[in-house]
Amino acid sequence: MQNFVFISPHFPDSFYRFVVALKKDGFRVLGIGDQPYDSINPELKEALTEYYLCNNMDYFENEVNAVRYFEQKYGHIDYLESNNEYWLPKDAKLREIFGITTGPVGAEIDFYNHKSLMKQGYEKAGVKTAKWILISNRENLEKFIDEDGYPVFIKPDHGVGAESTFKIKKPADIDYFFDNLDPNVTYICEQFVSGNIISFDGICNSKSEVVFCTSNFFPPSIADIVHEQKDVFYFSYPHAPKDLEKIGRKVVKAFGVKKRFFHLEFFRLTEDVKGLGKVGDIVPLETNMRPAGGYTPDLINFATSSNVYQIYADIMAFDENRQPDEFEHYYAAVASRRDGFAYLHSDDEVLEKFKNVICHHGRYAKIFSDAMGDRFFMAKFKSEKDMDEFREYTEARS
């Protein structure tokens, strides 16, 4: 029996489904987390062989001790994963320490989560990217802007979501950036691109071949959502657009991703960009070698009538997708609301009006609320028109 260590299997709370699927496929699943055992999901308890409580998972030695304990008790660890952006660098270090060869280690993980290094993968795939520089000083930033003009977008070279991002539209914004930057962070500056964010999501096998894929559409940027506290609405397509799938498969292959979830973000241009593309063209934004955030894996399940948690486990165990794609696909959407705002229709009215199509609803964990809202409704539809009606109804404010 192979040993699979799952880091933080209780968060997000839907991730227990990974553990259930892995157990079903014959793994001995060993969990490491910071929540007391008595407080975790009963189905997670049932699927785990053992759970190791780390009261402080930010202290790396605690995780090392946990994995060492499991290794001494159960033998060599075959897999170690979290599927969570926050833990990916530590996952890689733990694999290196314990000789786990089934996931990225060392510099491989840098290639996945440093935006400047991602550019190499896109280049290998033959995909054009927006112009960029790593900011070393004020002079090289001003030179970049002099050559290409305002606006530009600045973000940490290694960062998650909209954390510490800056849109530079005028000289005063440069002053603001240098007054507020973190001196311990490396920043990347990119040519500003106007477009809607779409993602190519899926799972690949050990040969970097995509065995399951779909696509999500995100109208506003995460940065705008956070900075302007907008309501959040996004959806999963019934099938990935063909042009996006063609590019996405090339990118997965070029990055050499093996037996992993991927969430690749792109812009579909809403304005022509000289030297880059025309309206409607696809331009890469960034790669994420883990599932999309929040409850998006569940949204994908509703759209594709599948079980991505089980597909992932099947890839780990058998290196193939054993889920037949024989059921109807839908537009699956999530509409979120923020506490403190008054809406024209109450939550109960939303649930009643769309009771035949709502698949899931609840509250996001506090850590997600800035980027995703406080309360959410997930529903699936046979047409975009019906989905748009759902959006208008849930977003209307009094």
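Above this text is the structure in question.
In what follows, the accompanying structure is described. Keep in mind that this is a model prediction, so the values were computed, not measured. (Residues numbered from 1 in each chain as written. Predicted model: local features only at pLDDT ≥ 70, side-chain atom pairs only at ≥ 80, totals over all residues. Heavy atoms only, no water.)

### Points about the overall build of the chain
In step 1: A count of helices and strands for the chain gives 15 helices and 16 strands.
In step 2: Its C-alpha radius of gyration of 21 Å places the chain within 12% of the 21 Å reference for a compact globule of 398 residues.
In step 3: Here the chain holds 398 residues, and the buried ones make up 53% of them.
In step 4: In the chain, of all internal contacts separated by at least 6 residues, the share reaching a separation of at least 24 is 65%.
In step 5: With an accessible surface of roughly 18,200 Å², the chain has 49% of that area assigned to carbon and sulfur atoms.
In step 6: Charge centroids of the chain, computed over 48 positive and 63 negative side chains, lie 3 Å from each other. (Helix = DSSP H or I, 4+ residues; strand = E, 2+ residues; numbered from the N terminus. Rg over C-alpha atoms; globule rule 2.2 N^0.38 Å. Buried < 20%, exposed > 50% of the residue type's maximum accessible area, 1.4 Å probe, protein only. Contact = heavy atoms within 4.5 Å. Areas by Shrake-Rupley, 256 points an atom, 1.4 Å probe, with all protein chains shown as cover. Lys, Arg positive; Asp, Glu negative; His and termini not counted. Charge placed at Lys NZ, Arg CZ, Asp CG, Glu CD.)

### As for the sheet that holds strand E5 (residues 132–134)
Strands belonging to one sheet form pairs held by backbone hydrogen bonds; the direction of such a pair is parallel or antiparallel.
In step 1: Strand order in the open sheet made by the four strands is E5-E8-E6-E7, with antiparallel pairing throughout. Here the strands that pair on one side only, and so sit at the sheet edges, are E5 and strand E7 (166–168). Pairwise comparison of adjacent strand axes, ignoring direction, gives a mean angle of 20 degrees for this sheet.
In step 2: Both strand E6 (residues 152–156) and E7 contribute to a ladder of three bridges, which runs antiparallel. Each bridged residue has a counterpart across the sheet, and for Val152 the counterpart in E7 is Ile168.
In step 3: The strands touched by helix H7 (residues 138–148) within the sheet are E5, E6, E7 and strand E8 (187–191), with E5 carrying the most contacts at an inclination of about 175 degrees.
In step 4: Helix-sheet contacts for helix H8 (residues 171–180) involve E6, E7 and E8, and the interaxial angle to E7 is about 150 degrees. (Pairing = 2+ DSSP bridges. Axes fitted to C-alpha atoms, helices over the stretch in contact; angles between N-to-C directions.)

### Description of the environment of Ser383
In step 1: Positionally, Ser383 belongs in the loop between strand E16 (375–381) and helix H15 (384–395).
In step 2: For Ser383, a relative accessible area of 24% corresponds to the partly exposed category.
In step 3: Looking at Ser383, its side chain comes within polar contact range of the main-chain nitrogen of Asp386, at 3.1 Å. (Polar contact = N/O pair within 3.5 Å; in protein donor to acceptor, adjacent residues only side chain to side chain.)

### Some points on a positive patch on the surface
In step 1: Residues Lys124, Lys207, Lys253 and Lys258 make up a contiguous surface patch of positive charge.
In step 2: Along the chain, Lys253 falls in helix H10 (residues 242–255).
In step 3: For Lys253, a relative accessible area of 46% corresponds to the partly exposed category. (Patch = residues over 30% accessible without salt bridge, like charges linked within 9 Å, V, L, I, M, F, W, Y side chains within 5 Å. Salt bridge = Lys/Arg side-chain N within 4 Å of Asp/Glu carboxyl O.)

### Side note on the sheet that holds strand E15 (residues 358–363)
In step 1: Here eight strands make up an open sheet; going across it, the order is E13-E12-E9-E10-E11-E14-E16-E15 and the pairing antiparallel. Of all strands in the sheet, those bounded by a partner on one side alone are strand E13 (282–288) and E15. Taking each pair of neighbouring strands and ignoring which way they run, the sheet shows an average axis angle of 20 degrees.
In step 2: In the sheet, strand E9 (residues 195–204) pairs with strand E12 (residues 261–269) via nine bridges, with the strands oriented antiparallel. Bridge pairing in E12 links Ile203 to Phe261.

### Some points on the packing of H7 against H8
In step 1: Across the interface, H7 lies against H8 with an axial gap of 12 Å and an inter-helix angle of 150 degrees. By the angle class used here, H7 and H8 are roughly antiparallel. In this structure, H7 crosses over H8, and the sense of that crossing is right-handed. Judged by residue contacts, Arg138, Leu141, Glu142 and Ile145 of H7 engage Ile174, Asp175, Phe177 and Phe178 from H8. (Parallel < 35°, antiparallel > 145°, perpendicular 65-115°, else oblique. Left-handed = near helix turned anticlockwise from the far one by under 90°.)

### Structural notes on the environment of Leu269
In step 1: With respect to the helices and strands, Leu269 occurs in strand E12.
In step 2: Among the residues examined, Leu269 registers a relative accessible area of 2% and is labelled buried.
In step 3: Residues Leu269 and Ser194, 75 residues apart in the sequence, show an inter-C-alpha distance of 5.9 Å.
In step 4: If we ignore the near neighbours within four places in the chain, the residues touching Leu269 are Val193, Ser194, Gly195, Gly277, Lys278, Val279, Gly280, Asp281 and Val283.

### A closer look at the packing of aromatic side chains
The geometry of an aromatic ring pair comes down to the distance between the two centres and the angle between the two planes.
In step 1: The final tally for this structure, using the stated rule, is 38 aromatic pairs.
In step 2: For the pair Phe217 and Tyr237, a centre-to-centre distance of 6.5 Å together with 85 degrees between the ring planes defines the contact as edge-to-face. Of the two residues, Phe217 sits in strand E10 (residues 210–218) while Tyr237 sits in the loop between strand E11 (233–236) and H10, which places them 20 residues apart along the sequence.
In step 3: Classification of Tyr237 as buried rests on a relative accessible area of 17%.
In step 4: Through a chain of ring-to-ring contacts, the aromatic side chains of Phe4, Phe6, Phe15, Phe18, Phe27, Tyr79, Phe261, Tyr309 and Tyr312 assemble into a single cluster.
In step 5: Lys45 extends its terminal NZ or CZ atom over the ring of Tyr37, reaching a point 5.1 Å from the ring centre.
In step 6: Lys93 extends its terminal NZ or CZ atom over the ring of Phe60, reaching a point 5.9 Å from the ring centre. (Phe/Tyr/Trp six-rings, centres within 6.5 Å; stacked < 30°, edge-to-face > 60°. Lys NZ or Arg CZ within 6 Å of the ring centre and 35° of its normal.)

### So, unusual backbone geometry
In step 1: The amide bond that connects Phe11 to the next residue, Pro12, takes the cis arrangement and shows omega of -10 degrees.
In step 2: Within the secondary structure, Pro12 sits in the loop between strand E1 (3–7) and helix H1 (16–24).
In step 3: Going from Tyr150 to Pro151, the amide bond is cis rather than trans, its omega being -10 degrees.
In step 4: Assignment of secondary structure puts Pro151 in the loop between H7 and E6.
In step 5: Residues other than glycine seldom take positive phi values, yet Ser8 does so here, at roughly 55 degrees.
In step 6: For Ser8, the location among the structural elements is in the loop between E1 and H1.
In step 7: Take Ser8: its relative accessible area is 4%, and that puts it in the buried class.

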